Amino acid sequence: MATNGWNLQNTYLGLPEIFYCNQKPSLAPAPKMVIFNQILAGELGLDGGFLESSPEIFAGNVLPVGACPISQAYAGYQFGHFAMLGDGRAVLLGEQITPKGQRFDIQLKGSGSTPYSRRGDGLASLLPMLREYIISEAMYALGIPTTRSLAVVLTGGKVVRETVLPGAVLTRVATSHIRIGTFNFAAAYGSKEDLAALANYTIWRHFPWLEDAKDKYLLFFREVVKLKAELIAKWQLIGFVHGVMNTDNGAISGETIDYGPCAFMDVYDQNTVFSSIDTGGRYAYKNQPSIGAWNLARLAESLCPLFHHNQEESIIMAQKEIEGYWGVYKKNWMQGMRAKLGLINQEESDESLILELLDLMKSHKLDYTNTFRVLSFVNSDKPSLPGGGCWLERWIARLGKQPINVNKACEIMQANNPAVIPRNYWVEEALYAASEGDVTVMEDLLRALSNPFKDSEKYAYVPEGCGCGYRTFCGT
Ligand code: AMP
Ligand code: MG
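So, how was this worked out
Residues numbered from 1 in each chain as written. Chains lettered and ligands numbered in written order. Predicted model: local features only at pLDDT ≥ 70, side-chain atom pairs only at ≥ 80, totals over all residues. Heavy atoms only, no water. Phe/Tyr/Trp six-rings, centres within 6.5 Å; stacked < 30°, edge-to-face > 60°. Helix = DSSP H or I, 4+ residues; strand = E, 2+ residues; numbered from the N terminus. Buried < 20%, exposed > 50% of the residue type's maximum accessible area, 1.4 Å probe, protein only. Lys NZ or Arg CZ within 6 Å of the ring centre and 35° of its normal. Donors = N, O, S within 2.8 Å, 3.2 Å for Na, K, Ca; no water. Core = buried A, V, L, I, M, F, W, Y, C linked by side-chain atoms within 4.5 Å. Contact = heavy atoms within 4.5 Å. Expected span 1.5 Å × (residues − 1). Arc of directions from axis to C-beta. Patch = residues over 30% accessible without salt bridge, like charges linked within 9 Å, V, L, I, M, F, W, Y side chains within 5 Å. Areas by Shrake-Rupley, 256 points an atom, 1.4 Å probe, with all protein chains shown as cover. Salt bridge = Lys/Arg side-chain N within 4 Å of Asp/Glu carboxyl O. Lys, Arg positive; Asp, Glu negative; His and termini not counted. Charge placed at Lys NZ, Arg CZ, Asp CG, Glu CD. pLDDT = per-residue confidence, 0-100. Near = heavy atom within 4 Å. Polar contact = N/O pair within 3.5 Å; in protein donor to acceptor, adjacent residues only side chain to side chain. Nonpolar A, V, L, I, M, F, W, Y, C, P; charged D, E, K, R; others polar. Disulfide = S-S within 2.5 Å.

Asker: It is not clear to me how the packing of aromatic side chains should be interpreted in this structure. Could you clarify?
Answerer: The relative placement of two aromatic rings is captured by the distance of their centres and the angle of their planes. Taken as a whole and assessed by the stated rule, the structure comprises 27 aromatic pairs. Plain terms: the ring middles of Phe82 and Tyr189 are 6.3 Å apart, the flat faces sit at 40° to each other, and that makes the pair tilted. Placement of Phe82 in strand E6 (residues 81-84) and of Tyr189 in helix H5 (residues 180-189) is noted, with a sequence separation of 107 residues between them. Given a relative accessible area of 45%, Tyr189 falls into the partly exposed group. Between the aromatic rings of Tyr201 and Trp204, the centroid separation amounts to 5.6 Å while the plane-to-plane angle is 45°, which identifies the pairing as tilted. Remark: Trp204 and Tyr201 occur in helix H6 (residues 192-206); sequence separation between them is three residues, near one turn of the helix. On the accessibility criterion, Tyr201 (9% relative accessible area) is buried. Judged by relative accessible area, Trp204 falls into the partly exposed class, the value being 33%. Three or more aromatic residues joined by ring pairs make a cluster, and in this case those are Phe19, Tyr77, Phe82, Phe185, Tyr189 and Trp294. When the ring centre of Tyr140 is taken as origin, the NZ or CZ atom of Arg148, which lies over that ring, is 3.5 Å away. Lying over the aromatic face of Trp294, Arg298 brings its terminal NZ or CZ to 4.4 Å of the ring centre.

As structure tokens, this is what we get:
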């Protein structure tokens, strides 16, 4: 029997049964491929040529060889409040072992209701799935840890939201779908043995070098703290607003996951919020680093029974680890900002130089991405920075105080300041065309996004006033 490159294992089924339920995807009436990621298929060792014309597999109608479909249980703190959740509209087919021996979850999202669906219909509509495809692939090309997108298919069925929409399934690829919320679930509903089983499994999967360590659970937590601090620093540096940083939407692997109401900032403003439901701005751009720490505290609470048999001791141990978060975050953010400004050595005044530039962007309503990109060509074109004459002089003088010439500094900047990001305006344009049956606009955008440090006249252009008031929605 042809495997078409599928090489699936199902190690998650080795966990205690509370962590999942066996769940077949629902039958889709008329599956049709909308977009397929040939490059990713190749990396996964899949026969992309065959699979691109097999929408029935990515709709869940035909299971790949070796698949044992399950839905995963998890809980989460949603806008601060604990809730039992789980895969309400997703099915994990299995873990693909690639030709290089890496392990990736293959998950169908939008494939019908599950025991965790609560009041939801288990479905997804086309445009949000295409949006996740575009933004996750853009994040990947930008070098930001993320889940990836292998395919989007139309199911042929309808999804009822405010209007009736075409149903779709996204195939998501992740190093795992273990979330902070999976630990919140284990701590709330499982025994200490269940919690330890999940922690051991996660260590085996993501941090195998810790398996025999003496304080392995504490060291595991330390690794997650570090990964989260690094990830959120990258989000801030690129101007990405996740939009719904509930603990169920935080992967233990340190990958960005659950692209719901996320979007990229155009004009720099720390208060940027896109999500229509985030009226209090809890998940605003400026709050992402502190929410990261808050979420880690919820993870620590869940893990505490494993840190030490004495609860007070474990809390002290956890607190010490969480304190490490800010150091890692700040170091990564400063390093990233220095690279964005072409600085390879450190001076005490660098932080104020950076903050003053951000203030300038805010007060003159400058585009975050394009401002840095323009600065990256200071060797050939004197940048025009509205209101920033003094700042420019200070920065150029600072560039002169390092052991590399300005051409080299510009090379560093051009490799750290993208020319192309998935701007809301262009993403919407691609989605609108797709809704009319034309995916070529999206394919063109994806091509540009796959090479984000190459200039693009079209996609660097920000149509007047397009960033203001942009709204995004969850659970669509
Ligand atoms: P999200 O806001 O997408 O992170 O989802 C939060 C929770 O709601 C998760 O448990 C999802 O599985 C669940 N969920 C979201 N949309 C649906 C839907 N249409 N049907 C069932 N469950 C859903
Ligand atoms: Mg989610």
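Asker: Sorry, what's going on with the coordination of the magnesium ion (ligand 2) here?
Answerer: For a metal with four tetrahedral donors the ideal donor-metal-donor angle is 109.5 degrees, whereas six octahedral donors ideally subtend 90 or 180 degrees. Taken together, Asn249 (OD1) and Asp258 (OD) make up the protein donors of the magnesium ion (ligand 2), found 2.0 to 2.1 Å from the metal. Taken individually, Asn249 and Asp258 each receive the classification buried, so the pair is uniform in this respect.

Asker: Please explain the nonpolar core as it appears in this structure.
Answerer: One broad trend across soluble globular proteins is that nonpolar side chains are buried collectively. Counting 94 residues, the largest nonpolar core has Phe183, Phe220, Trp391 and Trp395 as its most contacted members. Here this core takes 13 residues from helix H7 (residues 216-238), the largest share from any one element. Filtering out sequence-adjacent residues up to four positions away, Phe183 remains in contact with Ile178, Leu195, Leu198, Ala199, Thr202, Phe220, Ile252, Leu299, Ser302 and Leu303. Counting 29 residues, the second-largest nonpolar core is a separate cluster that includes Tyr133, Val420, Ala430 and Leu445.

Asker: Help me understand helix H12 (residues 389-400), please; the structure alone is not making it clear to me.
Answerer: Each α-helix turn comprises 3.6 residues. Residues three or four places apart therefore point the same way. Compared with the 16 Å implied by 1.5 Å per residue over twelve residues, the 17 Å span of H12 between its first and last C-alpha is a close match. Among all positions in H12, only Trp391, Leu392, Trp395, Arg398 and Leu399 are buried. End-on view of H12: buried residues confined to an arc of 125°, all on one side of the axis. Facing away from the buried side of H12 by over 90 degrees, the exposed positions are Cys390, Glu393 and Gly400.

Asker: In this structure, what is going on with helix H15 (residues 440-449)? I would like to understand it.
Answerer: All of the buried residues in H15 are Val441, Met442, Leu445, Leu446, Ala448 and Leu449. Projected down its long axis, H15 shows its buried positions confined to an angular sector of 160°, all on one face. Turning to H15, the residues buried within the fold contact strand E3 (32-36), helix H4 (126-141), helix H14 (424-435) and helix H16 (457-460).

Asker: What am I meant to see in a negative patch on the surface here?
Answerer: A surface patch of negative charge is lined by Glu52, Glu436, Asp438 and Glu443. Relative to the helices and strands, Glu52 resides in the loop between helix H2 (48-51) and helix H3 (55-58). Judged by relative accessible area, Glu52 falls into the partly exposed class, the value being 36%.

Asker: Help me understand the confidence of the model for the chain, please; the structure alone is not making it clear to me.
Answerer: Interpretation of the predicted coordinates at a detailed level should be avoided for regions scoring low in pLDDT. Taken as a whole, the chain shows an average pLDDT of 96; of its residues, 99% reach a score of 70 or greater. Of all the helices and strands in the chain, H16 carries the lowest mean pLDDT, 92, while strand E8 (residues 103-109) carries the highest, 99.

Asker: Help me out: how do you make sense of the site of ligand 1 in this one?
Answerer: Looking at ligand 1, there are 16 residues lining it, with Gly86, Gly88, Arg118, Gly122 and Asn249 nearest. For ligand 1, a nitrogen atom lies 3.2 Å from a polar atom in the side chain of Arg89. Protein burial of ligand 1: of its 480 Å² of free accessible surface, 84% is covered by the chains. Class assignment for the residues of the shell around ligand 1 results in three nonpolar, seven polar and six charged.

Asker: Looking at this structure, how should I read the state of the cysteines?
Answerer: Think of a disulfide as a covalent bridge from one cysteine sulfur atom to another cysteine sulfur atom. Following the criterion strictly, the structure yields zero disulfides and no others. Note on Cys21: no disulfide assigned, nearest cysteine sulfur contributed by Cys68 at a separation of 13 Å.

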